[in-house]
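Next come the chains, spelled out residue by residue.
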Amino acid sequence: MDKTFLMVKPDGVQRQIIGDVVNRFERKGLQLVAAKLMMVSVELAEKHYGEHKGKPFYEDLLKFITSGPVFAMVWQGENVVEITRKLIGKTNPMDAEPGTIRGDYCLYVSKNIIHGSDSPESAKREIALFFQENEIVEYEKLIDNWIYKS
Ligand code: UDP
């Protein structure tokens, strides 16, 4: 089954919307398989956002993501990367449609509440950065018979 890495950023944790965010993925039918509240070290932030090194927003992004606890998660489901990116909405909340997380909860690109992997390859890389293999819980969700096409 496909997996992705999602993270409520420090702004989302401070605004106490972890539950709302989790609820959106749960009600869609996706499955939570790992989660933890944690601080992101500068070293981890540099690895996670390595592709943005040198961009004008990079230093502020590192400061922001290390400024307070994040809620890191692994979610599972068919096409989970594509589906969660849709539910999250465009990077800039000004462009994010109402009904998406960024469209509903925030105003600025620098405080856009949530991170979601943008491809299966980055999902694999990011899950490995944030979680040990034994932190991912494989379990059967019986209601899937009522969610997935047979
Ligand atoms: N970001 C920013 N300013 C920008 C572009 C990006 O602060 O002009 C931040 C923002 O928090 C974004 C993150 O950098 O979520 C990573 O950017 P990316 O383009 O990978 O967007 P995402 O995959 O998060 O939608």
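Only a predicted model underlies this, so the values are computations on that prediction, with no experimental measurement involved.

Rules of the game
Residues numbered from 1 in each chain as written. Predicted model: local features only at pLDDT ≥ 70, side-chain atom pairs only at ≥ 80, totals over all residues. Helix = DSSP H or I, 4+ residues; strand = E, 2+ residues; numbered from the N terminus. Near = placed C-beta within 6 Å. Nonpolar A, V, L, I, M, F, W, Y, C, P; charged D, E, K, R; others polar. Buried ≥ 20, exposed ≤ 12 C-beta atoms within 10 Å, placed from the backbone. Pairing = 2+ DSSP bridges.

**Student:** Where do I start with unusual backbone geometry in this structure?
**Tutor:** Backbone phi values are negative for most residues with the exception of glycine, while trans is the configuration of most peptide bonds. Of note in the backbone geometry, Asn-79 takes a positive phi value of approximately 55 degrees without being a glycine. Turning to its location among the elements, Asn-79 is positioned in the loop between strand 3 (70-76) and helix 5 (80-88). Of note in this structure, Ile-113 is not a glycine but carries a positive phi near 75 degrees. Examined against the element boundaries, Ile-113 turns out to sit in the loop between helix 6 (101-105) and strand 4 (114-116).

**Student:** Would you mind showing me how to read the site of the ligand here?
**Tutor:** As a matter of local geometry, the ligand sits amid Phe-57, Leu-61, Thr-91, Val-109, Ser-110, Asn-112, His-115 and Asp-118. Residues of the shell around the ligand, tallied by class, amount to three nonpolar, four polar and one charged.

**Student:** Quick question: what am I supposed to make of the pairing of strand 1 (residues 3-8) here?
**Tutor:** Looking down a regular strand, the side chains alternate between one sheet face and the other. A large share of strand 1 lies buried, amounting to five of its six residues. Sheet topology places strand 1 next to strand 3; six bridges connect them, and they run antiparallel. Considered in strand 3, the bridge of Lys-3 is made with Gln-76. Where strand 1 meets strand 4, three bridges bridge the pair, whose relative direction is antiparallel.

By themselves these figures say nothing about function.
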